[in-house]
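# Structural overview
The lines below spell out each chain.
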Amino acid sequence: MRHLLDTKTLSREDALRILDVAEDMADTQQREVKKLPTLRGKTVVNLFFEDSTRTRISFEAAAKRLSADVINFSAKGSSVSKGESLQDTAQTLQAMGADAVVVRHGASGAPRTLATSGWISAGVVNAGDGTHEHPTQALLDAYTIRKRTFGDDSRGRDLEGLRVTIVGDILHSRVARSNVWLLHTLGAEVTLVAPPTLIPQDVSAWPVSVEYDLDAAVAAEPDALMMLRIQLERMNAAYFPTEREYSRRWGLDPRRLKALGPDSIVMHPGPMNRGLEISAEAADSTRSTVLEQVTNGVSVRMAVLYLLLAGERPEQDREDVR
Amino acid sequence: MSPSPQGTTLVVKGARIEGADATDLVIEGGVIAEVGTGLSRAGATVIDADGLIALPGLVDLHTHLREPGYEASETVLTGSRAAAAGGYAAVFAMPNTSPVADTAGVVEQELALGEAAGYVHVQPIGAVTVGQKGERLAELGAMASSRARVRVFSDDGFCVFDPLIMRRALEYVKAFDGVIAQHAQDPRLTEGAQMNEGAVSAELGLAGWPAVAEESIIARDVLLAEHVGSRLHVCHLSTAGSVDIVRWAKKRGIDVTAEVTPHHLLLTEESARGYDARYKVNPPLRRDEDVQAVREGLADGTIDIVATDHAPHPAEAKSCEWQAAANGMVGLESALRVVHQAMVDTGLLEWTDVARVMSRTPARIGRLDGYGTPLTAGQPAHVALYDPSESGAFSVDHLHGRSVNSPYLGRELPGRVVWTIHRGAITVHDGAPVEVPA
């Protein structure tokens, strides 16, 4: 694997490889000494143009447990409109000898621009770009669903026949996009639930069904119900009238939690707005996987960095220089 | 007024005027002196035009020359040189300079810069509103009466969104046979917009520029033009719905004209997939259905002209994140070749139609006397000689302006502009602009 830019173009084979390597990584994390020597001498740069403490420390923990040197480059404010350009930042990192760049950026497509521009030879991992994709989040979500479903028997299995329902601001969600493509590739059936204003205007090319009614979606007893964080500033742009109305129609409140099938799990990428899209009861219930998702995130990111930096790098994988 | 000595005599041998049978032209004193076969003049410069199509010097109703204010992107000199290289004899320069061309002083400066450059006639377009802010009418009459004789007014880059200001502008310019060229874009429906809204924007996570934001403004404007009996020109129309609205308006007798850019005739939103900002443009590249619809609209006369929307930008404005990149692409040097591919090779237009949509009609819409005139004896000598049989990959070597943000680099395009003649003087010699136009 040369880069991880999206799940849209990630093959089933590559996705399963990442998930299976993540299983191995998780096993090592049960040991007393968690650190592996695998990436000793490699440099991983966390290049964050947007604040995201959670994602950054997850990647940092993953890189450090593989013994890589980690440089955190917080470039907030030097992005889109003013200051140092993406090109200059990338070339600076190149000059410093980065082996992998983990990039979080507010502009959709920025990781691809970084990977294909010829500014840098390091492998690029997309840690969330604008409203486009967040592939490691989807991989850790898939890992979590698989683990909950198959337990120790997870290795080598896909998600064939499982039903996953994603609820919330689909339009602006990179988590939703990455999950749609990956879950579909792994054989799951995906349903999106949202106010019509928060679904992209044309999702005819997406392998999903769309539903506006959360009660109906809950009654269908999905295997996993994934609640997305709602940004309160969306109210100002007329996507929905009030917080209260959103919560009432699209929040996972105690009543809906009770109506959910006994084997359904409740997921959330975090950080949660308790009382808005998810009630405390749902967040803290035994069916909630919120903390497992965080733990699994480290294993999945270890797997991605391992495959990027220690795996074979066939010459034909190299992206064309634009 | 003219910097051209116009002393040289040219004999063009064997050109096919607008695609017709081969003939000769004699050019003397800046005008076409004689058209016929077997012509010669002692001491004349002879141009072998065997197999070349002769078109009336092209006229672009929509060019951004960036001077004054943005000389890092383009100047009047470099932009008009690029125009000559594309076969143009005249360009209309949009007013979004710094300062904005919203006074007689700025438009006269623009005119003078064009005269000094000497490659093409640079015809200034005046801003509709002061500073293109959409609030108060600029001194349209002063620009019309200036030495620049402005007849086209536009806030291009911005829509004249306030319906009352638009109505007044349409009415006011009737006093001097002017026209409002509208950049049709509802600003509220396109806040933060990055590309066409649809299936591709949904996947790429780029904020959408919906077709309705263009169509709703065109619908409003044709009704306003009908109500006040004014002339309206629609800039860079890009959607199938817009073609339908203009077709309806023309049928109803509304005095509306419309333009399409070469890139909207050839490229689709699929180009955005790699986030290569060379394909970022406003209005955005649309769906394949829209490309087919604007081609049909141009073929059946619903769309009157092709205009380039030549929009130069420095490298750093394109070599960055899509969202941070500037809108626009250069187009003067490639326009005729793109029209050749999209319209002539597809059988939708003949060369005489190309002369109409790229020279005659734009000159008429802009009320530019002495351009877009037929290649007959007694007419001004503005000629583009084009070789339709050549083809090749478009490259930076074909660009002659200051910026290289062309979406066609590396793409196979037919044809080559071999000679351009402006006011009887050669501005492009065997494919290359002359150092200093005569």
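Residues numbered from 1 in each chain as written. Chains lettered and ligands numbered in written order. Predicted model: local features only at pLDDT ≥ 70, side-chain atom pairs only at ≥ 80, totals over all residues.

## A word on the overall build of chain A
To be explicit about the condition: Under the scheme used here, helices are H or I runs from DSSP no shorter than 4 residues and strands are E runs no shorter than 2 residues, and both carry numbers assigned from the N terminus. Each radius of gyration is computed over the set of C-alpha atoms, and the globule rule expresses the reference value as 2.2 Å times the number of residues to the power 0.38. A residue is called partly exposed when the number of other C-beta atoms within 10 Å of its own lies between 12 and 20, exposed at 12 or fewer, and buried at 20 or more, with C-beta atoms placed from the backbone. The contact criterion used is a C-beta to C-beta distance within 7 Å, with each C-beta placed from the backbone.
Looking only at helices and strands, chain A has eleven helices and nine strands in total. Taken over the C-alpha trace, chain A has a radius of gyration of 19 Å; the compact-globule value for 322 residues is 20 Å, and the two agree within 12%. Seen through its C-alpha atoms, chain A measures out along the principal axes to roughly 55 × 45 × 35 Å. When burial is assessed residue by residue, chain A has 48% of its 322 residues classed as buried. By sequence separation, contacts in chain A at least 24 residues apart represent 77% of the contacts at least 6 residues apart.

## Topic: the overall build of chain B
Check the secondary structure of chain B and you find eleven helices and 19 strands. Put simply, chain B has 438 residues, and 61% of those count as buried. Considering only residue pairs separated by 6 or more positions, chain B has 75% of its internal contacts joining residues 24 or more positions apart.

## Thoughts on the domain arrangement of chain A
All names here are of chain A. Just so we agree on the cut-off: Boundaries of every domain are those given by an automatic assignment or by a domain database. When residues are grouped by polarity, Ala, Val, Leu, Ile, Met, Phe, Trp, Tyr, Cys and Pro land in nonpolar, Asp, Glu, Lys and Arg in charged, and all others, Gly among them, in polar.
Parsing chain A into structural domains produces domain 1 (12-133 + 295-317) and domain 2 (135-293). The straight-line distance from the C-alpha centre of domain 1 to that of domain 2 is 25 Å. Every contact between the two is made by 23 residues of domain 1 and, on the other side, 25 residues of domain 2. Broken down by secondary-structure element, the contributors of at least two residues to the side of domain 1 that touches domain 2 are helix H1 (12-28), strand E4 (123-129) and helix H11 (290-309). Per element, the largest residue contribution to the side of domain 1 that touches domain 2 is eight residues, and it comes from H1. Per-class residue counts for the side of domain 1 that touches domain 2 are eight nonpolar, eight polar and seven charged.

## Describing the domain arrangement of chain B
Residues and elements named next belong to chain B. The domains assigned to chain B are domain 1 (10-53 + 378-432) and domain 2 (57-365). Computed over C-alpha atoms, the centres of domain 1 and domain 2 are 26 Å apart. Taken together, the contacts link 27 residues of domain 1 with 38 residues of domain 2. At the level of secondary structure, the elements contributing two or more residues to the side of domain 1 that touches domain 2 comprise strand E16 (383-393), strand E17 (412-422) and strand E18 (425-429). For the side of domain 1 that touches domain 2, the element with the highest residue contribution is E17, accounting for six residues. Considered class by class, the residues forming the side of domain 1 that touches domain 2 number 13 nonpolar, twelve polar and two charged.

## Considerations on H1(A)
Residues and elements named next belong to chain A. The condition that has to hold: What a helix should span is 1.5 Å times the count of its residues minus one. As used here, the arc belongs to the directions running from the helix axis to the C-beta atoms.
Counted at 1.5 Å a residue, the expected span for H1 with its 17 residues is 24 Å, and the 25 Å between its end C-alpha atoms agrees. Within H1, burial applies to Ala15, Ile18, Leu19, Ala22 and Met25. Here the buried residues of H1 occupy an arc of 115° about the axis, which is enough to place them on one side. Away from its buried face by more than 90 degrees, H1 exposes Glu13 and Asp27.

## Remarks on the sheet that holds strand E8 (residues 224-227) of chain A
Within a sheet, adjacent strands bond to each other through the backbone by hydrogen bonds, running parallel or antiparallel. Residues and elements named next belong to chain A. Applicable threshold: Whether two strands pair depends on DSSP finding at least two bridges between them. Only the contacting stretch of a helix is used when fitting its axis, a line to C-alpha atoms as for every element, and angles between N-to-C directions run 0 to 180 degrees.
Taken together, five strands build an open sheet; the order of strands is E7-E6-E5-E8-E9 and the sheet is parallel. Whereas interior strands pair on both sides, the edge strands pair on one side only; in this sheet they are strand E7 (208-211) and strand E9 (265-267). Averaged over all pairs of adjacent strands, the angle between their axes in this sheet comes to 20°, without regard to strand direction. As judged from the four bridges shared by strand E6 (residues 189-193) and E7, these two strands associate in the parallel manner. Within E7, the residue paired with Thr191 across the bridge is Ser209.

## Here we look at helix H11 (residues 351-365) of chain B
All names here are of chain B. Basically, it comes down to this: Working definition for bend: take the seven residues up to and ending at a residue and the seven starting at it, fit an axis to each, and measure the angle between the axes.
A rise of 1.5 Å per residue sets the reference length of H11, with its 15 residues, at 21 Å; its end C-alpha atoms lie 20 Å apart and thus fit the reference within 8%. A bend of about 40° at Val357 is the largest found in H11. Among the 15 residues that make up H11, eleven are buried, leaving the element largely enclosed by the rest of the structure. Where H11 is concerned, the buried positions are Val354, Ala355, Arg356, Val357, Met358, Ser359, Arg360, Thr361, Pro362, Ala363 and Ile365.

## Points about the packing of H1(A) against H11(A)
Residue and element names in this part refer to chain A. Note the following rule: Put simply, a crossing is left-handed when the front helix is turned counterclockwise from the back one by less than a right angle, and right-handed when it is turned clockwise.
Two numbers describe how H1 lies on H11: the axes approach to 8 Å, and their chain directions differ by 115°. Here H1 and H11 pass one another in a crossing that is right-handed. Residues Arg17, Ile18, Val21, Ala22, Met25 and Ala26 of H1 touch H11, and the partners they reach there are Ser299, Val300, Met302, Ala303, Val304, Tyr306 and Leu307. Taken together, the residues of the contact of H1 with H11 sort by class into eleven nonpolar, one polar and one charged.

## Let's talk about the environment of Gly161(A)
Mapped onto the elements, Gly161(A) comes out in the loop between helix H5 (135-150) and strand E5 (163-167). A sequence separation of 87 residues divides Gly161(A) from Arg248(A), and the C-alpha atoms of the two residues are 30 Å apart.

## Notes on the sheet that holds strand E7 (residues 88-93) of chain B
All names here are of chain B. Pairing is parallel across the open sheet formed by three strands, whose spatial order is E6-E7-E8. Across the chains shown, the open sheet's two edge strands, defined by having one partner strand only, are strand E6 (58-63) and strand E8 (121-124). Taken pair by pair, the neighbouring strands of this sheet meet at an average axis angle of 20°, ignoring direction. Here E6 runs beside E7; their pairing, made up of four bridges, is parallel.

## Digging into the interface of chain A and chain B
Opposite the 24 residues of chain A that make contact, chain B presents 19 residues. When residues of the side of chain A that touches chain B are traced back to their parent elements, those giving at least two are helix H3 (86-96), helix H4 (110-116) and helix H6 (174-185) of chain A. Counting residues per element, the side of chain A that touches chain B draws most heavily on H4(A), which supplies four residues. When the residues that make up the side of chain A that touches chain B are grouped by side-chain class, the tally is seven nonpolar, twelve polar and five charged.

## Notes on the pairing of E8(B)
All names here are of chain B. Neither face of E8 is left uncovered, since the one carrying His121 and Gln123 and the one carrying Val122 and Pro124 both have all their residues buried. Where E7 lies against E8, four bridges are found, and the strand directions are parallel. By the bridge assignment for E8, Ala90 is matched with His121.

## Notes on the packing of helix H6 (residues 211-228) of chain B against helix H7 (residues 240-251) of chain B
Residue and element names in this part refer to chain B. Convention followed: Between 65 and 115 degrees an angle is taken as roughly perpendicular, under 35 as roughly parallel, over 145 as roughly antiparallel, and anywhere else as oblique.
At a minimum axis distance of 9 Å, the contact between H6 and H7 shows a crossing angle of 10°. When the axis of H6 is compared with that of H7, the two are roughly parallel. Taken together, the residues of H7 that come into contact with H6 (itself represented by Ala211, Glu214, Glu215, Ile218, Ala219 and Val222) are Gly241, Ser242, Ile245, Val246 and Ala249. A per-class count over the contact of H6 with H7 returns seven nonpolar, two polar and two charged.

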